[in-house]
Amino acid sequence: MAKSLAEQLMQAGVVNQKQAKKASKKSKKNRELKREVQAAVQQTQQQNVQKSDEQNEKIRLEAQQKAIAAQIKQLIEVNAIESKGDVEHNFSFDGKVKTLRVSNQQKQQLANGFVAIAHLGEKFYMLPAAVAEKIEQRGEGYIVLLNDKIEEDEDDPYKDYPIPDDLMW
């Protein structure tokens, strides 16, 4: 069986027993220090990976939100109904009463839930109810007014009698 290097050096008279123990202790300390450094490096690498994953997730979420906002903007601009008329339609927005000029037919469609009002920036747009529902699915806060659809009853005995404009409730 071969002897260790320390024993061979002591037999050769190059080092004494005290020097061999001292060298052995230094090598143990170096191994322990090396293990600690490797553990610290691994921990730092894990933390860096976790931070980069969190940053990537944040960037991905921001990009997704921007994409949704762009989709909503496109839906509003493409499907906007021109709202020029002689009748004022009042609605509330952020605690204030806003007015949109519409035609009689558009006012009826708004009341019956076939048309909705959306806002984009400072402007208000009229949209078909189906588009407004798609926008609501993608993001909240864009639709200002969307009434429940009211189907006209074929058996309504009063359908031929219009409601007077000056009727006060």
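To start, this report covers the structure provided alongside it. Please read all numbers here as calculations on a predicted model, not as lab measurements.

**Looking at a positive patch on the surface**
Taken together, Lys18, Lys21, Lys22, Lys25, Lys26, Lys28, Lys29, Arg31 and Arg35 make up a surface patch of like positive charges. In this structure Lys26 comes out as exposed when scored by relative accessible area, which is 51%.

**A few points about the sheet that holds strand 3 (residues 115–120)**
A sheet is described by the order of its strands in space; here three strands give the open sequence 4-3-5, paired in antiparallel fashion. Only two strands of the sheet have a single partner each, and these edge strands are strand 4 (123–128) and strand 5 (143–145). Neighbouring strand axes in the sheet, compared pairwise and without regard to direction, differ in orientation by 40 degrees on average. As judged from the six bridges shared by strand 3 and strand 4, these two strands associate in the antiparallel manner. Counterpart to Val115 in the pairing with strand 4 is Pro128. Against the sheet, helix 2 (residues 17–79) makes contact with strand 3 and strand 4, and its axis sits at roughly 75 degrees relative to strand 4, the strand it touches most. Of the strands in this sheet, strand 3, strand 4 and strand 5 touch helix 3 (residues 104–112), which is tilted by about 90 degrees from strand 3.

**Quick look at the environment of Asn112**
By the secondary structure assignment, Asn112 is in helix 3. Placed 34 residues apart in sequence, Asn112 and Leu146 show a C-alpha to C-alpha distance of 9.3 Å.

**A closer look at helix 2**
Given a rise of 1.5 Å per residue, 63 residues ought to cover 93 Å, and the 93 Å separating the end C-alpha atoms of helix 2 matches this to within 8%. Listing the buried residues of helix 2 in full gives Ala20, Ile72, Leu75 and Ile76.

**Details of the pattern of salt bridges**
Here the structure, examined in full by the defined rule, presents two salt bridges. In this structure, Arg60 and Glu57 form a salt bridge, with 2.5 Å as the shortest nitrogen-oxygen distance. You can see Arg60 and its partner Glu57 sitting in helix 2, three residues apart, about one turn around the helix. Between Glu88 and Arg101 there is a salt bridge, and its shortest N-O distance comes to 3.3 Å. Note that Glu88 is positioned in strand 1 (residues 87–93) and Arg101 in strand 2 (residues 96–102), a separation of 13 residues in sequence. Arg101 gets classed as partly exposed once you look at its relative accessible area, which sits at 39%.

What counts, and where the lines are drawn
Residues numbered from 1 in each chain as written. Predicted model: local features only at pLDDT ≥ 70, side-chain atom pairs only at ≥ 80, totals over all residues. Heavy atoms only, no water. Patch = residues over 30% accessible without salt bridge, like charges linked within 9 Å, V, L, I, M, F, W, Y side chains within 5 Å. Areas by Shrake-Rupley, 256 points an atom, 1.4 Å probe, with all protein chains shown as cover. Salt bridge = Lys/Arg side-chain N within 4 Å of Asp/Glu carboxyl O. Lys, Arg positive; Asp, Glu negative; His and termini not counted. Charge placed at Lys NZ, Arg CZ, Asp CG, Glu CD. Buried < 20%, exposed > 50% of the residue type's maximum accessible area, 1.4 Å probe, protein only. Pairing = 2+ DSSP bridges. Helix = DSSP H or I, 4+ residues; strand = E, 2+ residues; numbered from the N terminus. Axes fitted to C-alpha atoms, helices over the stretch in contact; angles between N-to-C directions. Contact = heavy atoms within 4.5 Å. Expected span 1.5 Å × (residues − 1).

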